[in-house]
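The chain contents come next:
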Amino acid sequence: MAIGFFVYKSDEVSPTDSPRLAKYAFKYGLDLNGGTELTYRADVSKIKSGDVGGAMSSLRDVIERRVNLFGVSEPIVQVENPGVVSGGVDHRLLVELPGVTDIQEAVALIGKTPQLEFRLLRSEAKNFTGEELKNKTVDEVFAPTGLDGQYLERADLQFTNGGGAQLAGQPIVAITFNSEGRDLFAKITREHKGEVLAIFLDGQVISSPVIQDEILDGKAVISGGFTPDEAKALVRDLNYGALPVPIELISTQTIGASLGQDAKTAGVKAGVVGFALIVAFLILWYRLPGIVASLSLIIYIILSLAVFKLIPVTFTAAGIAGFILSIGMAVDANILIFERTKEELKRGKSVHDSLHEGFSRAWLSIRDSNISSIITAIILFWLGTSAIKGFALTLGLGVIISMFTAITISRTFLFAIAPNPPTGREGQGRVSKFLFSNGLHF
Amino acid sequence: MFIINHRKIFFTLSAVLIIGSILVMFLYGFNFGIDFKGGSLLEVSYATNRPAAEGIKADLDNLSLGTYILTPSGDLNYILKTRDISPDEKVLVLSAFQKDPANPAKEERFNSLGPVVGSQLKTKAMIAIVIVILCIVLFITFAFRKVSTPVASWKYGFATIVALAHDVIIPTGVFILWSHFRGGEIDLLFVTALLAILGYSVHDTIVVFDRVRENLKVGNRKESFEQTVGNSVTQTFGRSINTSLTIFIALAALYFLGGESTRDFAFVLLIGVIAGTYSSIFVASPLLVTLEKMQKKV
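One numbering rule holds for all chains: residues counted from 1, following each sequence as written. All chains are assigned letters beginning at A, and all ligands numbers beginning at 1, according to the order in which they are written. Local features in a predicted model are, by the rule used here, given only for residues with pLDDT of at least 70; side-chain atom pairs are given and counted only at 80 or more, and totals for whole chains, interfaces and linings are based on all residues.

### Side note on the overall build of chain A
Strands are runs of DSSP state E lasting at least two residues, helices are runs of H or I lasting at least four, and both sets are numbered from the N terminus onward. In terms of regular secondary structure, chain A is built from 14 helices and 13 strands. Counting over 442 residues, chain A shows a buried share of 41%. Two residues qualify as a contact pair if the distance between their C-beta atoms, derived from the backbone, is within 7 Å. Restricting to contacts in chain A with at least 6 residues of sequence separation, those with at least 24 account for 73%. As a rule, residues whose C-beta atom has 12 or fewer other C-beta atoms within 10 Å are exposed, those with 20 or more are buried, and those in between are partly exposed; C-beta atoms are placed from the backbone.

### A short note on the interface of chain A and chain B
A common way to express how large an interface is: the accessible area buried when the components associate. Contacts between the two partners involve 55 residues from chain A, matched on the other side by 56 residues from chain B. Broken down by element, the residue count for the side of chain A that touches chain B peaks at 13 residues, all from helix 11 (residues 317-346) of chain A. Of the residues that constitute the side of chain A that touches chain B, the class distribution is 31 nonpolar, 18 polar and six charged. At least two bridges found by DSSP between two strands is the condition for calling them paired. Two strands pair when backbone bridges link them, and strand 12 (residues 247-255) of chain A and strand 4 (residues 105-113) of chain B are joined in this way by five bridges, in the antiparallel orientation. Within the sheet, the bridge partner assigned to Gln253 of chain A lies in strand 4 of chain B and is Asn111 of chain B. Basically, the charged four are Asp, Glu, Lys and Arg, the nonpolar ten are Ala, Val, Leu, Ile, Met, Phe, Trp, Tyr, Cys and Pro, and anything else, Gly included, counts as polar.

### Quick look at the sheet that holds strand 1 (residues 39-46) of chain B
Strand order in the open sheet made by the eight strands is 3(A)-4(A)-2(A)-12(A)-4(B)-1(B)-3(B)-2(B), with antiparallel pairing throughout. Since the sheet does not close on itself, it has two edges, and those belong to strand 3 (76-80) of chain A together with strand 2 (69-73) of chain B, each with one partner. Strand-to-strand twist across the sheet, computed as the mean angle between neighbouring axes with direction ignored, equals 20°. Pairing geometry for strand 3 of chain A and strand 4 (residues 91-98) of chain A, over five bridges, is antiparallel. Residue pairing in the sheet places Ile76 of chain A in a bridge with Glu96 of chain A of strand 4 of chain A. With respect to the sheet, helix 5 (residues 87-97) of chain B is in contact with strand 12 of chain A together with strand 1, strand 3 (77-82) and strand 4 of chain B, its orientation differing from that of strand 4 of chain B by roughly 145°. Lines fitted to C-alpha atoms define the axes, with helix axes restricted to the stretch in contact, and inter-axis angles between N-to-C directions lie between 0 and 180 degrees.

### Concerning the packing of helix 6 (residues 115-143) of chain B against helix 8 (residues 188-218) of chain B
All names here are of chain B. Where helix 6 contacts helix 8, the axes come no closer than 10 Å and their chain directions differ by 5°. Taken together, the axes of helix 6 and helix 8 lie roughly parallel to each other. On the side of helix 6, the interface is formed by Leu121, Ala125, Ala128, Ile129, Val132, Ile133, Ile136 and Ile140, while helix 8 contributes Leu188, Val191, Leu194, Leu195, Leu198, Val202 and Ile206. When its residues are assigned to classes, the contact of helix 6 with helix 8 shows 15 nonpolar, no polar and no charged. Should an angle fall under 35 degrees it is taken as roughly parallel, and over 145 as roughly antiparallel, whereas 65 to 115 is taken as roughly perpendicular and any remaining angle as oblique.

### Comments concerning the environment of Val79 of chain A
Residues and elements named next belong to chain A. Secondary-structure assignment places Val79 in strand 3. For Val79, a count of 17 C-beta atoms within 10 Å gives the class partly exposed. Excluding residues that lie within four positions of it along the chain, Val79 makes contacts with Met56, Ser57, Arg60 and Leu93.

### Structural notes on the nonpolar core
Each nonpolar core comprises buried Ala, Val, Leu, Ile, Met, Phe, Trp, Tyr and Cys residues, the members being joined through C-beta atoms within 7 Å. Core analysis: the largest hydrophobic core is formed by 146 residues, its most contacted members being Ala321 and Leu325 of chain A together with Ala250 and Leu269 of chain B. Aside from chain neighbours lying at most four places away, what touches Leu269 of chain B is Leu325 of chain A together with Ala193, Ala196, Ile197 and Leu251 of chain B. With 16 residues, the next largest nonpolar core counts Ile175, Leu197, Phe200 and Ala220 of chain A among its residues.

### A few points about the pairing of strand 4 of chain A
It is a general feature of regular strands that their side chains alternate between the two faces of the sheet. All names here are of chain A. Within strand 4, seven of the eight residues are buried, which leaves the element mostly enclosed by the surrounding structure. The pairing of strand 2 (residues 35-42) with strand 4 spans eight bridges and is classified as antiparallel. From the neighbouring strand, Gly35 faces strand 4, where its bridge partner is Pro98.

### Describing the packing of helix 4 (residues 53-61) of chain B against helix 5 of chain B
For any two helices packed against each other, the geometry comes down to the angle between their axes and how far apart the axes lie. All names here are of chain B. Where helix 4 contacts helix 5, the axes come no closer than 8 Å and their chain directions differ by 150°. Looking at the two axes, helix 4 sits roughly antiparallel to helix 5. Once helix 4 is placed against helix 5, the crossing between them reads as right-handed. Here Ile56, Asp59 and Leu60 of helix 4 lie close against helix 5, whose contacting residues are Val93, Ala96 and Phe97. Tallied by class, the residues present in the contact of helix 4 with helix 5 amount to five nonpolar, no polar and one charged. Crossings are sorted by hand: turned counterclockwise from the far helix by less than a right angle, the near helix makes the crossing left-handed, and turned clockwise it makes it right-handed.

### Considering the confidence of the model for chain A
Residue and element names in this part refer to chain A. Summary of the metric used: pLDDT quantifies the predictor's per-residue confidence within the range 0 to 100. Confidence in the prediction for chain A averages 69 pLDDT; 62% of positions are at 70 or higher. The least confident element of chain A is helix 14 (residues 430-436), whose mean pLDDT is 44; the most confident is helix 8 (residues 179-191), at 81. Per-residue pLDDT stays below 50 along residues 13-23; that stretch engages in nine contacts with residues further than four places along the chain or on separate chains.

### Structural notes on the confidence of the model for chain B
Detail in the predicted coordinates should be disregarded across regions flagged by low pLDDT. Residue and element names in this part refer to chain B. Confidence in the prediction for chain B averages 78 pLDDT; 92% of positions are at 70 or higher. Per-element mean pLDDT across chain B ranges from 68 in helix 1 (residues 2-5) up to 82 in helix 2 (residues 7-28). On the interface metric, ipTM, the complex scores 0.74, and its pTM is 0.69.

In structure tokens form, the structure reads like this:
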């Protein structure tokens with residue numbers, strides 16, 4: 001009971017602005033909050049098969065960076081690779097932008113191919129204060145050199161061998177330009193020794209080394225405090241920033257916020273009314289066990305909601321439907337137990353024994369029948385788009401939790417309430433038999 | 001026993017419904033939504049009143065959209081269905097809806113799917129349905145593996161398949177019929193509802209079979225299999241009806257009060273729950289008896 005109460009409280013508090021608990025506010029899917037979902041097909045035909053995973057992962061990072069530039073709160077960028085598990089044949093990128101309804105701009109921004117640029121820090125920039133720097137554009141601080149991703153041939157991960165003042169074994173990124181790049185690079189390094197040459201990926205500085213000397217062989221080394229993972233990521237980004245994977249928009253979905261809001265309120269209303277009706281039915285038909293079942297149902301709902309918050313499960317319109325369905329099914333386990341108990345009562349057992357029998361016999365049925373629902377939920381999860389996944393999750397989790405609450409909580413309540421057996425005759429009183437039997441027969 | 005004794009009637013009823021549903025499928029075809037067909041759907045709403053369709057169509061005709069369908073929806077909305085369009089094209093299309101600056105058209109939702117995506121999804125959906133049915137049958141055969149007399153355990157699985165097929169075909173047929181008159185499409189949500197029905201229907205069936213298994217174990221040797229099944233059905237009848245009733249209540253609330261987007265979904269589930277309960281009580285269990293009698297004759 002303590003858990004139930006605690007869960008209830010945490011549910012109450014999180015909608016308000018307590019920041020720590022606000023993290024646990026419900027997550028709503030696009031069809032309830034409004035927003036856009038874009039699906040791109042990545043053309044990996046020109047990439048060696050071993051590199052595809054890295055390419056997709058790089059693509060994801062780049063796109064995510066761009067989406068973040070767009071100022072969207074909590075965007076989701078995901079790679080979907082083909083295979084038996086995901087059931088597709090293409091490499092795909094899924095982009096979810098909550099609250100964004102102008103898809104034209106979003107698509108334009110995303111559709112650009114990733115950009116690698118080398119820029120020199122302008123001499124005036126040294127004189128800018130920290131405050132001023134924040135407000136300056138990239139162009140004002142860094143001058144373009146004309147050297148960009150199209151000249152890069154490849155980037156490699158290497159480790160220093162400890163000459164001079166360097167420690168050995170530090171990760172560095174070695175880049176190689178193609179022949180035109182080499183010439184351009186030589187010119188830049190010759191003319192700007194001692195200056196900072198910043199490397200930009202999509203408008204963000206990823207490294208800003210100082211030019212030490214003229215470089216004629218078209219090779220450069222970017223060093224400076226990378227962890228091995230950072231260096232690996234940079235190599236990957238450079239290689240694929242320079243070789244973008246072409247992407248093609250294959251599906252878009254936009255829901256306006258007002259439509260989403262309507263769906264949300266409607267769903268909640270349906271849930272509340274449905275619940276109320278079920279409780280009414282339970283109490284009327286099953287009387288005292290009905291009250292117990294209703295209590296157990298309330299706890300089930302609170303527990304489920306808490307689990308949905310913690311995981312977190314994103315609610316879609318279908319997801320709410322799934323939850324409502326699972327409320328209906330949650331009662332099932334309780335009904336099974338009660339019917340069984342009623343039968344045992346008819347056979348003349350005491351209330352306590354009937355309950356006992358009811359629970360143990362019913363458990364097998366409950367377990368088997370709920371497993372089938374779980375199987376369906378798993379397959380639905382595999383099949384679906386994010387909307388369907390929401391349904392599968394709420395249904396699947398709901399079923400599992402309902403099994404739990406029916407067995408543990410109902411059982412605890414009923415045994416607590418049931419009159420004790422040792423005293424024999426009292427337990428067979430007509431009143432308690434009445435309370436525990438059901439329906440309209442007396 | 002009533003149910004078992006009159007099983008011929010119930011089988012006939014089921015058969016009629018199934019044949020009817022199949023006929024409806026051929027007659028009206030499957031009205032696939034853009035989830036499966038590809039294409040785009042744009043819903044536009046107006047604040048005060050809705051301009052006439054002809055004016056909008058005149059502008060749309062100039063946009064080389066090919067065939068398109070413009071339907072009014074509710075009091076203030078239009079729904080446009082056409083081939084899949086790029087976001088740039090969508091801007092052009094939207095401008096066709098802007099007739100009066102004082103009464104702007106607001107985009108409510110926009111879905112666009114390339115045809116390849118659509119057909120892939122269709123295949124995936126069909127595979128999903130087949131897999132669910134297979135898994136469930138395997139599961140039941142496994143769960144009832146120890147109950148090999150007098151009916152082999154795989155026959156429980158078989159009876160389940162028939163019940164499940166019944167549960168898939170009849171709601172589909174009803175939905176096609178209903179949507180023919182009321183509008184409605186076969187989309188991903190519909191398939192989801194079907195799969196949910198399959199999952200639920202087995203619930204019911206298992207409860208009855210479970211009782212049969214238990215009665216066989218405890219069993220009165222003098223009781224014929226027919227009687228055992230009959231008793232099991234009677235014993236579980238109350239529980240089946242009650243559970244279905246609670247789910248029915250929940251779904252009815254969803255249908256009447258839930259949003260537009262889940263209305264069709266709730267409808268299919270409602271039909272499915274009825275069909276599922278019916279199939280468990282009136283089809284699956286009597287089928288067991290028939291199978292046993294057939295096997296005796298062999």
